[in-house]
Each structure stands twice: as C-alpha cells, then as structure tokens.
Amino acid sequence: MLGVIITGHGGFASGMEKAMLQVLGGQPQVAAIDFPASSTTQQLEQQFVAALNEIDSGDGVVFITDLLGGSPFRVASTLAIPRADIEVITGANLQLVLEMMMEREELTPKEFCYQALICGHRGMTSLADEMQKKAADTSACEGI
C-alpha cells in the first residue's frame, strides 16, 4: 500500500488529518506534518525523511501538499526528484484526501497522482454550478 504524507503551512496537515479521522477513521501508512512559522526547511526535511522511513513499505509514497511553490512542496520535491517511487501533489483539498485514502491500496504513485488530480478538480465547484447541473439534470429527465 502506498504511504501518504500530508503536509502544509501552519496546522494544515494536522487539520486535514483530524478531518480524515472523523470521516474515515484511522488510516495506515499516513503521516501528517505541519510546517509552523517557527520551523525551518531543514527541520521539515528531517521530518519528511523520518516519515518516509516509517511509512514506506516499498510500494511508494505520495506527498500531498497545500501550496505550489511553498516550502513543504519544495522540500518534498527535492526528495521526490531522485526517486521514481515518490510523487508530489499540491493544492490539496479535503475531498482529494478522503477519496484518495480509499483508493490508494491498488495504485502506483503515478496512478495515485493522476487520479488525485481528477478528484481534486472535481471537488472544486460552487453552489451556483451545482444548482445549474441539478436544473439541467431535472429538465433532461422531463422528456415527452
């Protein structure tokens, strides 16, 4: 099973982990690593390496980060580049985290990454768009 490291600025990772626990319960091979203002990128890298050693069962690891170009993303990327079994996803939302926790067992890191992007995009919507879709679905069903 893929290991997953959720990370981000402030309490992003621990918040996502708490929400995940509330909805799905405990998940194996998952680490949540926050990057508070008091931390350094060197400390973050040390935490990532420790987490990799703990959760990587040999099937690969995916980092789920909060912000493209932010320190958690950059540090994860430096660890991922030399390894074919690590992927980094950024711009995470709770829908992505929850759905992908349920899907990861049979996926490679690359497959996980591809599906996570689809899932994350699907999770981004608005009330107006959802109401418009519902209205279109209702009118399509009215037929002759």
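Look up a bit, the structure's there.
Residues numbered from 1 in each chain as written. Predicted model: local features only at pLDDT ≥ 70, side-chain atom pairs only at ≥ 80, totals over all residues. Heavy atoms only, no water.

**Remarks on the overall build of the protein chain**
Step number 1: In terms of helices and strands, the protein chain carries 6 helices and 4 strands.
Step number 2: Of the regular secondary structure in the protein chain, the N- to C-terminal order runs β-α-β-α-β-α-β-α-α-α.
Step number 3: By residue count, 39% of the 144 residues in the protein chain fall in the buried class.
Step number 4: As displayed, the protein chain offers around 8,100 Å² of accessible surface, 56% of which is attributable to carbon and sulfur atoms.
Step number 5: Each charge class in the protein chain was averaged separately, 8 positive and 18 negative side chains, and the resulting centres sit 4 Å apart. (Helix = DSSP H or I, 4+ residues; strand = E, 2+ residues; numbered from the N terminus. Buried < 20%, exposed > 50% of the residue type's maximum accessible area, 1.4 Å probe, protein only. Areas by Shrake-Rupley, 256 points an atom, 1.4 Å probe, with all protein chains shown as cover. Lys, Arg positive; Asp, Glu negative; His and termini not counted. Charge placed at Lys NZ, Arg CZ, Asp CG, Glu CD.)

**Some points on helix H1 (residues 12-24)**
Step number 1: Counted at 1.5 Å a residue, the expected span for H1 with its 13 residues is 18 Å, and the 18 Å between its end C-alpha atoms agrees.
Step number 2: Among the structural elements, strand E1 (3-9), strand E2 (30-35) and helix H4 (94-103) are those in contact with the buried residues of H1.
Step number 3: Just downstream of H1 lies Gly25, where phi reads positive at about 85°. (Expected span 1.5 Å × (residues − 1). Contact = heavy atoms within 4.5 Å.)

**Here we look at helix H3 (residues 71-80)**
Step number 1: Burial analysis of H3 places 8 of its 10 residues in the buried class, which makes it a mostly covered element.
Step number 2: Taken together, the buried positions of H3 are occupied by Ser71, Pro72, Phe73, Val75, Ala76, Ser77, Leu79 and Ala80.

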